[in-house]
Amino acid sequence: MAAVAAQMQTSWEKKRKEKETKFLQEARAELDKCITTRLEEYNAAIADINATHEKFVLEYAQVEDHIRKMWLQLQQEQSRTLILSEKKYKEMADNDRDREKGQVKGMAIAKKAVEDFGKLTCSLEEL
């Protein structure tokens, strides 16, 4: 009886070990499947993040180039405005000098006319 009990015990332990081995193999297979799935999801997410980052960097560079272009246009416009304002200032200064000369000449003519008129009036009074 003891031999039968020992044989049953051994048989039961062998079946238990087989079940445990089978369970561990199935668990390992499920775990490997899960890890593979998660790695694929992780790699897809990393690829998506990298693609989004590359797109962002490209768009950022394009915006920076556009801003730089606008700054250069602004600088050119300021240079052109400075040149035009200096030219306008010079023209106005020349016009002021010409006008002043003309006014002085006109005042000299008026003074001469007044003096001539005074002389004429004095000569007419003497007559």
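Residues numbered from 1 in each chain as written. Predicted model: local features only at pLDDT ≥ 70, side-chain atom pairs only at ≥ 80, totals over all residues. Heavy atoms only, no water.

Chemist: How would you explain the overall build of the protein chain if you had to name every residue and give the values?
Modeler: Across its full length, the protein chain carries 1 helix and 0 strands. Computed over the C-alpha atoms, the radius of gyration of the protein chain is 53 Å, more than 25% above the 14 Å expected from 2.2 N^0.38 for a compact globule of 127 residues. Its C-alpha atoms give the protein chain principal-axis dimensions of about 180 × 20 × 10 Å. Within the protein chain, buried positions represent 0% of all 127 residues. Surface summary for the protein chain: the accessible area is close to 12400 Å², and the carbon and sulfur share equals 62%. Considering the protein chain, the positive charge centre built from 23 side chains and the negative charge centre built from 24 side chains are found 5 Å apart. (Helix = DSSP H or I, 4+ residues; strand = E, 2+ residues; numbered from the N terminus. Rg over C-alpha atoms; globule rule 2.2 N^0.38 Å. Buried < 20%, exposed > 50% of the residue type's maximum accessible area, 1.4 Å probe, protein only. Areas by Shrake-Rupley, 256 points an atom, 1.4 Å probe, with all protein chains shown as cover. Lys, Arg positive; Asp, Glu negative; His and termini not counted. Charge placed at Lys NZ, Arg CZ, Asp CG, Glu CD.)

Chemist: Can you explain the pattern of salt bridges? Please cite residues and give values.
Modeler: Counted under the stated rule, the structure contains 7 salt bridges. Measuring nitrogen to oxygen at the nearest pair gives 3.2 Å for the salt bridge that ties R38 to E41. Residue R38 and its partner E41 are both found in helix α1 (residues 2-126); the two are separated by 3 residues, about one turn of the helix. A residue is classified by how much of its surface remains accessible, and R38, at 47% relative accessible area, is partly exposed. Residue R99 pairs with D96 through a salt bridge whose shortest N-O separation is 3.0 Å. Residue R99 and its partner D96 are both found in helix α1; the two are separated by 3 residues, about one turn of the helix. On the basis of relative accessibility, which here comes to 48%, the residue R99 falls in the partly exposed class. With relative accessibility at 37%, the residue D96 sits in the partly exposed group. (Salt bridge = Lys/Arg side-chain N within 4 Å of Asp/Glu carboxyl O.)

Chemist: An account of the environment of A2 is needed here, citing residue identities and associated values.
Modeler: Structurally, the position occupied by A2 is in helix α1. Note on A2: relative accessible area 62%, which makes it exposed. Counting along the chain gives 72 residues from A2 to L74, while the straight-line C-alpha distance between them is 104 Å.

Nothing here speaks to function; it is geometry throughout.
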